Amino acid sequence: MSKREQFLAGDRVEDVAVFLADSFVDGDGGLASHGEQVEDGVVLVVEGDQGRSVFKTATGMDAMGFAKQAMGTDGDIDHDLAGGTCPDCGSSEVEFVFAFAEEQNEEVGDLYAEGDVIHAYAYCECGTAYSEKWLAGDD
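Residues numbered from 1 in each chain as written. Predicted model: local features only at pLDDT ≥ 70, side-chain atom pairs only at ≥ 80, totals over all residues. Heavy atoms only, no water.

**Focus: helix 4 (residues 48-59)**
- End to end, helix 4 covers 16 Å across 12 residues, agreeing with the expected 16 Å (1.5 Å per residue, within 8%).
- Turning to helix 4, its buried residues are Gly48, Gly51, Val54, Phe55, Ala58 and Thr59. Viewed end-on, helix 4 has its buried residues packed into an arc of 120 degrees, placing them on one side of the element. Opposite the buried face of helix 4, by more than 90 degrees, sit the exposed residues Asp49 and Thr57.
- In the segment just after helix 4, glycine 60 is the residue with positive phi, at about 80 degrees. (Helix = DSSP H or I, 4+ residues; strand = E, 2+ residues; numbered from the N terminus. Expected span 1.5 Å × (residues − 1). Buried < 20%, exposed > 50% of the residue type's maximum accessible area, 1.4 Å probe, protein only. Arc of directions from axis to C-beta.)

Below you can see the structure in the form of structure tokens.
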């Protein structure tokens, strides 16, 4: 099972996942060689602090600041973290995705009572940031 599959199953809650479109990793043997190649880019799954640092280096944005911005707009993010569909322009040209998993918490209720939750935040080529959350292991 790959790191990405483990992350999506909720087995790597201490890690973060970052999808970077080919435009962010073209010619960069470093990032591309440390992640899992997907159709339009690469997905890296790394320890939380390191992942936030990789995200900032690649995108120029603070990961948690970006997540806060994206939380205001619901959208559709592919549950494999390799893309999505922008709620504003309808494009599937995602430039990057930042995601983390949160362990099941019955006290919080709602989705969190049902299992581990994946929080994902995407950035479209049009400049829209959006988010989606779902149960880990939910395809």
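Right, picking up where we left off after that structure.
**Focus on the side chain of threonine 128**
- Along the polypeptide, threonine 128 turns up in the loop between strand 7 (117-124) and strand 8 (129-135).
- On the basis of relative accessible area, threonine 128 is assigned to the buried category, the value being 9%.
- Side chain to side chain, threonine 128 and aspartate 88 meet in a polar contact 2.8 Å long.
- Not counting chain neighbours up to four residues away, the residues in contact with threonine 128 comprise Cys86, Pro87, Asp88, Ala122 and Tyr123. (Polar contact = N/O pair within 3.5 Å; in protein donor to acceptor, adjacent residues only side chain to side chain. Contact = heavy atoms within 4.5 Å.)

**Regarding the sheet that holds strand 1 (residues 15-21)**
- Taken in spatial order, the six strands make up an open sheet running 2-3-1-6-7-8, and their pairing is antiparallel. Here the strands that pair on one side only, and so sit at the sheet edges, are strand 2 (36-38) and strand 8. Looking at each pair of strands side by side, their axes are set apart by 20 degrees on average, direction ignored.
- As defined by bridge partners, strand 1 adjoins strand 6 (residues 94-102) across five bridges and the pair is classed as antiparallel. Its bridge partner being in strand 6, valine 18 is matched across the sheet by phenylalanine 98.
- Seen against the sheet, helix 4 touches strand 1, strand 3 (41-47) and strand 6 and runs at an angle of roughly 20 degrees to strand 1. (Pairing = 2+ DSSP bridges. Axes fitted to C-alpha atoms, helices over the stretch in contact; angles between N-to-C directions.)

**Things to note about the nonpolar core**
- By size, the foremost hydrophobic cluster in this structure holds 23 residues, and its most contacted members are Phe7, Phe19, Ile77, Leu81, Val97, Ala120 and Tyr130.
- For this core, the secondary-structure elements that each account for two or more residues are helix 1 (3-8), strand 1, strand 3, strand 6, strand 7 and strand 8.
- Not counting residues up to four positions away in its chain, the partners in contact with valine 97 are Ala17, Val18, Phe19, Ile77, Leu81, Ala120, Tyr121 and Ala122.
- Counting 22 residues, the second largest nonpolar core, distinct from the first, contains Val54, Phe96, Tyr123 and Ala129. (Core = buried A, V, L, I, M, F, W, Y, C linked by side-chain atoms within 4.5 Å.)

**Section: the pairing of strand 1**
- Most of strand 1 is tucked away: seven of the seven residues are buried.
- The two faces of strand 1 match: Asp15, Ala17, Phe19 and Ala21 on one face and Val16, Val18 and Leu20 on the other face are all buried.
- As judged from the seven bridges shared by strand 1 and strand 3, these two strands associate in the antiparallel manner. Along strand 3, the bridge assignment pairs alanine 21 with glycine 41.

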